[in-house]
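Residue-level structural notes
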Amino acid sequence: MLNNIGLPGLLLIAVVVLVLFGRGKISSLMGEVGKGITAFKKGVDDGKKEIDDSMASAKDVTPEEEKDKA
C-alpha cells in the first residue's frame, strides 16, 4: 500500500499535516525529535566508553600453562 506513494502524495501529506498542526507546533515537535536523537547518540557513546573502560581494567585470568601454549 505504501509502495506506490510518490512525490505528489508525500507533498499532499505534508500540506495536510502543516494545515492541521500549524508551523509552530511542527517546528517544536522537530526540535524535540532532534533533542531525542542527540540524547540517544550521547547514551550510545557513554555505553561504548563504559565498555571500553571495563575491558581495559579486566584482569587476565588465563593459567600460566595456557599462556605458554600460545
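As the structure is a prediction and not an experimental result, all values here were calculated from the model.

**A short note on the overall build of the protein**
For the protein, the count of helices and strands is three helices and zero strands. Scanning the protein from its N terminus toward the C terminus, one meets helices and strands in the order α-α-α. Its C-alpha atoms give the protein a radius of gyration of 25 Å, more than 25% over the compact-globule value 11 Å for 70 residues. In terms of overall dimensions, the protein has C-alpha extents of about 75 × 30 × 15 Å along its principal axes. Summed over all atoms, the accessible surface of the protein reaches about 6,700 Å², with 65% contributed by carbon and sulfur.

**Regarding the packing of helix H1 (residues 7–21) against helix H2 (residues 23–56)**
Axis separation between H1 and H2 bottoms out at 6 Å; the angle between their running directions is 105°. One element, H1, and the other, H2, form an angle in the roughly perpendicular class. Side by side, H1 and H2 meet where Val17, Leu18 and Phe21 of the first sit next to Arg23, Lys25 and Ile26 of the second. Class assignment of the residues belonging to the contact of H1 with H2 gives a composition of four nonpolar, no polar and two charged.

**Here we look at the pattern of salt bridges**
For the coordinates displayed, the defined rule picks out one salt bridge. Here Glu32 makes a salt bridge to Lys35, at a shortest N to O gap of 3.9 Å. Taken together, the residues span about one helical turn, with Glu32 and Lys35 both in helix H2 at a distance of three residues.

**Some remarks on the environment of Gly6**
Within the secondary structure layout, Gly6 lies in the segment before H1. Note on Gly6: relative accessible area 34%, which makes it partly exposed. Along the primary structure Gly6 and Asp60 are separated by 54 residues, whereas in three dimensions their C-alpha atoms are 58 Å apart.

**Describing a negative patch on the surface**
A contiguous patch of negative charge on the surface is contributed by Asp45, Asp46, Glu50, Asp52 and Asp53. Mapped onto the secondary structure, Asp53 falls in helix H2.

Calculation notes
- Residues numbered from 1 in each chain as written.
- Predicted model: local features only at pLDDT ≥ 70, side-chain atom pairs only at ≥ 80, totals over all residues.
- Heavy atoms only, no water.
- Helix = DSSP H or I, 4+ residues; strand = E, 2+ residues; numbered from the N terminus.
- Rg over C-alpha atoms; globule rule 2.2 N^0.38 Å.
- Areas by Shrake-Rupley, 256 points an atom, 1.4 Å probe, with all protein chains shown as cover.
- Axes fitted to C-alpha atoms, helices over the stretch in contact; angles between N-to-C directions.
- Parallel < 35°, antiparallel > 145°, perpendicular 65-115°, else oblique.
- Contact = heavy atoms within 4.5 Å.
- Nonpolar A, V, L, I, M, F, W, Y, C, P; charged D, E, K, R; others polar.
- Salt bridge = Lys/Arg side-chain N within 4 Å of Asp/Glu carboxyl O.
- Buried < 20%, exposed > 50% of the residue type's maximum accessible area, 1.4 Å probe, protein only.
- Patch = residues over 30% accessible without salt bridge, like charges linked within 9 Å, V, L, I, M, F, W, Y side chains within 5 Å.
- Lys, Arg positive; Asp, Glu negative; His and termini not counted.
- Charge placed at Lys NZ, Arg CZ, Asp CG, Glu CD.

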